[in-house]
Amino acid sequence: MSQVPLHIAAEFPARTLEEWRRLVDKDLKGKPFTVLQSPLEGGLALQPLYAQADTAAPQPPGVAPYVRGTQPLGHTEGGWLLCQEYSEPDVTLAAEALRTDLERGTQGVWLCLGEAHGIPVKDEATLARLLAHVPLDRTPVHLEPDSAPLTTASLLMAVADKAGVKPSGSLGIDPLGILARTGALPEGVAAVLAEAAPLVTSRAQSAPELRVLLVSTRAYADAGATSVHELAWAMATGVEYLRGMERAGVAVDVAARSVQFALSVGGQFFPEIAKLRAARLLWAKVVAASGGPPEAQAMRLHARTAIGTKTQRDPWVNILRATAESFAAVVAGADSVSTSPFDEPLGTPDEGSRRLARNTQLILRDESSLNRVADPAGGSYYLEQLTSELARAAWTELQRIESLGGLEKALAQGDIAKVLAETRAAREKAVRSRKQPIVGVSEFPFLGEAPVRREARTRSTVASSEGLKPTRIAEPFESLRDASDRYVAAHGQRPTAFLASLGTVAEHTARSTWVVNALAAGGIESKEKHGFADPAAVVTAFAESGATLAVISGPDAMYPEWVPALTAALKAKGARTVAVAGRPGEHEAAFRAAGVDLFIFAGADLFALLNSLHAQLGVA
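This is a predicted model, so every value here is computed, not measured.

**Q** Explanation requested: the overall build of the protein in the structure shown.
**A** The helix and strand tally for the protein stands at 21 helices and 15 strands. Whereas a compact globule of 620 residues would reach a radius of gyration of roughly 25 Å, the protein reaches 28 Å, a difference of no more than 12%. Projected onto its principal axes, the C-alpha positions of the protein cover 85 × 70 × 60 Å. For the protein, contacts bridging at least 24 residues in sequence account for 76% of all contacts bridging at least 6. Counting every atom, the protein has about 27,500 Å² of accessible surface; 54% of that belongs to carbon and sulfur. One way to put it: in the protein the 62 positive side-chain charges average out to a point 1 Å from where the 69 negative ones average out.

**Q** Help me understand the packing of helix α5 (residues 175–182) against helix α6 (residues 189–206), please; the structure alone is not making it clear to me.
**A** Each pair of packed helices can be described by the angle between their axes along with the distance between the axes. Between α5 and α6, the shortest axis-to-axis distance is 9 Å and the interhelical angle comes to 145°. In this structure, α5 meets α6 at a crossing whose hand is right-handed. Of α6, the residues touching α5 (which contributes Pro175, Leu176 and Leu179) are Val189, Val192 and Leu193. Class assignment of the residues belonging to the contact of α5 with α6 gives a composition of six nonpolar, no polar and no charged.

**Q** Can you help me understand the side chain of Arg203 in this one?
**A** The residue Arg203 is located in helix α6 in this model. For Arg203, which is buried and forms no salt bridge, the nearest opposite charge comes from Asp161, at a distance of 4.5 Å. When residues no more than four places from it in sequence are discounted, the contact partners of Arg203 are Met157, Asp161, Pro167, Pro208, Leu210 and Val212.

**Q** I tried to follow the environment of Ser38 on my own but got confused; where do I start?
**A** Position of Ser38 relative to the elements: it lies in strand β1 (residues 38–39). For Ser38, a relative accessible area of 37% puts it in the partly exposed group. Taking the C-alpha atoms as reference points, Ser38 and Pro48, ten residues apart in sequence, are found 8.0 Å from one another. If sequence neighbours within four positions are ignored, Ser38 has contacts with Ala45 and Leu46.

**Q** Explanation requested: the sheet that holds strand β4 (residues 108–113) in the structure shown.
**A** Whenever strands of a sheet pair, they do so through backbone hydrogen bonds, lying parallel or antiparallel. Around the barrel, which closes on itself, the eight strands sit in the order β3-β4-β5-β6-β7-β8-β9-β10 with parallel pairing between neighbours. Shown here is a sheet whose adjacent strand axes are inclined to one another by a mean of 30°, direction ignored. With four bridges joining them, strand β3 (residues 81–86) and β4 adopt parallel strand pairing. If you follow Gln84 over to β4, its bridge partner there is Val109.

**Q** Just checking my understanding: could you explain the pattern of salt bridges for this structure?
**A** Where charged atoms from two side chains of opposite charge come close, those side chains can pair. Taken as a whole and assessed by the stated rule, the structure comprises 40 salt bridges. Two residues, Asp366 and Arg365, come together in a salt bridge whose shortest N-O distance is 2.7 Å. Residue Asp366 is classed as partly exposed on the basis of its relative accessible area of 47%. A single salt-bridge network, built from bridges that share partners, covers Glu85, Glu144, Arg181, Arg218 and Arg304.

**Q** Help me understand the sheet that holds strand β13 (residues 549–553), please; the structure alone is not making it clear to me.
**A** On the basis of which strands lie adjacent, the open sheet formed by five strands has the order β12-β11-β13-β14-β15 and parallel pairing. This sheet does not close on itself; its edge strands, each paired only once, are β12 (525–530) and β15 (598–600). The mean angle between the axes of side-by-side strands here comes to 25°, regardless of whether they run parallel or antiparallel. As defined by bridge partners, strand β11 (residues 496–501) adjoins β13 across four bridges and the pair is classed as parallel. Within β13, the residue paired with Phe498 across the bridge is Ala550.

**Q** Please clarify how a nonpolar patch on the surface should be interpreted in this entry.
**A** Together, Leu6, Ile8 and Phe12 give the surface a local cluster of nonpolar side chains, amounting to about 390 Å² of exposed area. With respect to the element layout, Leu6 can be found in the segment before α1 (17–28).

**Q** Help me out: how do you make sense of the nonpolar core in this one?
**A** Here is a general trend for soluble globular proteins: nonpolar side chains tend to be buried in one another's company. Counting 111 residues, the largest nonpolar core has Leu111, Leu213, Trp233, Phe261, Trp283 and Ile416 as its most contacted members. The biggest single contributor to this core is helix α8 (residues 227–247), with eleven residues. Contacts of Ile416, omitting those with residues within four sequence positions, involve Tyr220, Trp233, Ile401, Leu407, Ala410, Leu411 and Leu468. Counting 52 residues, the second largest nonpolar core, distinct from the first, contains Ala497, Val539, Ala550 and Val563.

**Q** Could you clarify how one ought to interpret the packing of aromatic side chains in this entry?
**A** Aromatic ring pairs are described here by two measures, namely the spacing of the ring centres and the angle between the planes. Enumeration according to the criterion identifies eleven aromatic pairs in this entry. With a centroid separation of 6.2 Å and 90° between ring planes, the pair formed by Trp20 and Phe33 is classed as edge-to-face. In this pair, Trp20 sits in helix α1 while Phe33 sits in the loop between α1 and β1, placing the two residues 13 residues apart along the sequence. Among the residues examined, Phe33 registers a relative accessible area of 14% and is labelled buried. Measuring from ring centre to ring centre gives 4.8 Å for Phe261 and Trp283, while their planes differ by 65°; the resulting arrangement is edge-to-face. Taken together, the residues Phe261 in strand β8 (residues 259–265) and Trp283 in helix α10 (residues 269–289) connect sequence positions 22 residues apart. Trp283 shares its class with Phe261; the two are buried. Through a chain of ring-to-ring contacts, three or more aromatic side chains come together here, namely Tyr50, Phe269, Phe270, Phe327 and Tyr382. The ring of Phe33 has Arg21 sitting right over it, with the charged end atom 3.7 Å from the ring centre. Over the face of the ring belonging to Trp395 we find Lys285, whose NZ or CZ atom lies 4.1 Å from the ring centre.

**Q** Just checking my understanding: could you explain the packing of helix α18 (residues 535–545) against helix α19 (residues 559–572) for this structure?
**A** Between α18 and α19, the shortest axis-to-axis distance is 10 Å and the interhelical angle comes to 35°. Relative to α19, α18 is oriented so that their crossing is right-handed. From α18, Pro535, Val538, Val539 and Phe542 reach across to α19, where they touch Trp562, Leu566, Ala569 and Leu570. Among the residues making up the contact of α18 with α19, the classes are represented as eight nonpolar, no polar and no charged.

**Q** Explain the side chain of Ser501 here, please?
**A** Residue position: Ser501 is located in strand β11. Apart from the residues lying within four places of it in its own chain, the contact partners of Ser501 are His508, Ser512, Glu528, Lys529, His530, Gly531, Phe532 and Ser553.

Reading the values: rules and limits
Residues numbered from 1 in each chain as written. Predicted model: local features only at pLDDT ≥ 70, side-chain atom pairs only at ≥ 80, totals over all residues. Heavy atoms only, no water. Helix = DSSP H or I, 4+ residues; strand = E, 2+ residues; numbered from the N terminus. Rg over C-alpha atoms; globule rule 2.2 N^0.38 Å. Contact = heavy atoms within 4.5 Å. Areas by Shrake-Rupley, 256 points an atom, 1.4 Å probe, with all protein chains shown as cover. Lys, Arg positive; Asp, Glu negative; His and termini not counted. Charge placed at Lys NZ, Arg CZ, Asp CG, Glu CD. Axes fitted to C-alpha atoms, helices over the stretch in contact; angles between N-to-C directions. Left-handed = near helix turned anticlockwise from the far one by under 90°. Nonpolar A, V, L, I, M, F, W, Y, C, P; charged D, E, K, R; others polar. Buried < 20%, exposed > 50% of the residue type's maximum accessible area, 1.4 Å probe, protein only. Salt bridge = Lys/Arg side-chain N within 4 Å of Asp/Glu carboxyl O. Pairing = 2+ DSSP bridges. Patch = residues over 30% accessible without salt bridge, like charges linked within 9 Å, V, L, I, M, F, W, Y side chains within 5 Å. Core = buried A, V, L, I, M, F, W, Y, C linked by side-chain atoms within 4.5 Å. Phe/Tyr/Trp six-rings, centres within 6.5 Å; stacked < 30°, edge-to-face > 60°. Lys NZ or Arg CZ within 6 Å of the ring centre and 35° of its normal.

What follows is the structure, given as structure tokens:
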């Protein structure tokens, strides 16, 4: 029996965006429309509604400016490349990790080389030993050294030549990236680019699948850059490399085809998708402005999950974070993706954590079939508009960097460090107040979690200049938990708080549960009591608890009657600190006069409050 399509929309009259806006304004009752917008870092904001009028029809995948990917069929011809990153300082262990992972699903390797933070490779023999189990004829190898990029590039080519293969991947010559990470580049950016030019020209013919130049945003992303800054500084790097190649006589189309990009993917799912799409758009615009043809405007993009979003506390949540970030990279059309092991913030990852990271992508590809979809984000009014907004904002920042004389001068003048410091300060403010919550650390912490320890391998001590400092957003609260652990080691128990929950269970549960979690974010354990009939019962229970910190929690209506007398009684019974859960409002002066030391409430600087409690409890 044939079925007649049911067109439900036809039963309703068409509505316009203006009509929707009038209804919204009515419901807002005088509040500005901006209260419905969600601010993003970089001066952007998410709108409550996106419509077709907000964006033009997108180009198909594989067509310049490559917003929807560089391949006409997206990932449908096999999928993105599962390309894991390695920084194990023991070359023998690193070689074994490469062998194991390649046998079990990894398709490409990204080698972070260096004495301080990577694999120490000083000569051809060491690199050959590292790559002993890597089939160079079919495995892309990418280098990212923290010094001497021309030397490490020559080592890889020598190993490949002896094996009689044409290598693929990238040589990792990224002088600006090294300068940003380490603060030093003795050879100088211009000299490195000049020496790299013959490689760019020769490899374009002899090994077309091998990229020579690298634009890595690792230093900026790890130091806390916003998406706008990461995009802009990546483009500024690419611009300087194209100029360096032009000075050496390399044609722009040859130079552009020799650049490998590597960007980080953070925790904001949709904005991160838009960021990677905007990166392709921006690079196409840069190459086109430099005179490059459409074919040369295609970006080869590696995406790595961000280290700054990961936590040492409750690190198992990092598995979920890395999954979402990997998913965003795939949806955005990255050519290769690296998923960081969940225990990376704790030290050198082991085989088990690398397996979880690897299988995250295998599930996305082989079980979720994301490799069968060409640009799933394409056509979304929201993502198309956000992509354009990110690209415009990044282009404005690129122009600002150009006005300073380029990225190298911006780094030397301290401009990049200044911008990053301002960004980190704003982000830390949001983290400290839990406007930007961190699950397992500032939200829903578990004081009884079993530790997952990974010891970092011993590294050589290397003198270096000051580069951009990596940071993780969880560090402030993790420092409080570390102090709590030291307190346990010294005293046999955690710093504790007596929680006096007033009123019925229904009246105090929501607030008291919130307080327990807030205190736990600082490693303070709560001893909760409730159902008190009068202040005397509270004082008796407090004395039995042995605590010196008391927190009063209950409905606001009970506070004016209970708090002053109860605070005085608790102080008389030995409480060094009395806190009240909730905003004090008009009663603050009276409560403080009665002896209340502080108020714990949503939106306050929780880190500062907890740090103050640590000082009063003798936690160092």
